[in-house]
Amino acid sequence: MKDTSKTPDFSHMTPEQRYQYLVEQTKANKELWIIQDDDGCVMLTTDDEDCIPVWPSEAAALQWTKDEWQDCRPLSISLSDWLERWVPGMEDDELFVAVFPLEDDLGVVVPPHELESQFKPKTKH
């Protein structure tokens, strides 16, 4: 039997590989994860953008909750909620998405509609 209590090590993956992994996991599980504290959703700031970081699983999000983020807890967001409420809200607030950041790597930073397009079925023209 495989030991699932051990958190996978994603550090060998490039930001682009983690982006694809998050897309695949979100499609399969119909959810993605953020972290929050008592004031709400945690945000990160790059030189140019304010971002909401997202992860593919609770275990991946938990890896972020140490040091200055130790009071934060993971929160699951259903894919339908993400598409219906979060994407439009983030667009209105001019926020970006930090896709699957690791401790020393912010990951791929994209506008919400770009990540949203990855979750929608591909249409043939």
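In short, a report on the structure. Quick caveat: nothing in here was measured; it's all calculated off a predicted structure.

## Considering helix α3 (residues 79-92)
- Here α3 contains 14 residues, and its C-alpha end-to-end distance of 19 Å stays within 8% of the 20 Å for a straight helix at 1.5 Å per residue.
- Along its length, α3 shows its largest kink, about 35°, at Trp86, and proline Pro88 lies within four residues downstream of that point.
- Residues of α3 that are buried include every one of Leu79, Trp82, Val87 and Met90, and no others.
- In this structure, the buried residues of α3 make contact with α1 (15-29), β1 (31-37), β4 (50-54), β5 (73-78), β6 (96-99) and α4 (112-119).
- Phi turns positive, to about 55°, at Glu94, one or two residues after α3.

## Considerations on unusual backbone geometry
- Positioned with a positive phi, Lys30 is a non-glycine residue whose angle comes to about 60°.
- Positionally, Lys30 belongs in the loop between α1 and β1.
- Positive phi, close to 55°, is recorded for Phe100, a residue that is not glycine.
- Its place among the elements puts Phe100 in the loop between β6 and β7 (108-110).
- With relative accessibility at 0%, the residue Phe100 sits in the buried group.

Thresholds applied
- Along each chain, numbering runs from 1 in the same order as the chain's sequence is written.
- Local features are withheld for residues below a pLDDT of 70 in this predicted model, meaning they are given only at 70 or higher, and side-chain atom pairs are given and counted only at 80 or more; totals for whole chains, interfaces and linings count all residues.
- Hydrogens and water are ignored here; the side-chain numbers use all heavy atoms of the structure.
- The helix count covers DSSP runs of H or I at least four residues long, the strand count covers runs of E at least two residues long, and both are numbered beginning at the N terminus.
- How far a helix is expected to stretch is found by multiplying one less than its residue total by 1.5 Å.
- By definition, a residue's bend is the angle between the axes fitted to the seven residues ending there and the seven starting there.
- Burial here depends on accessible area, computed with a 1.4 Å probe over protein chains only, as a share of the maximum for the residue type. Under 20% is buried, over 50% is exposed, and the range in between is partly exposed.
- A contact between two residues is defined here by any heavy atoms of the two lying within 4.5 Å.

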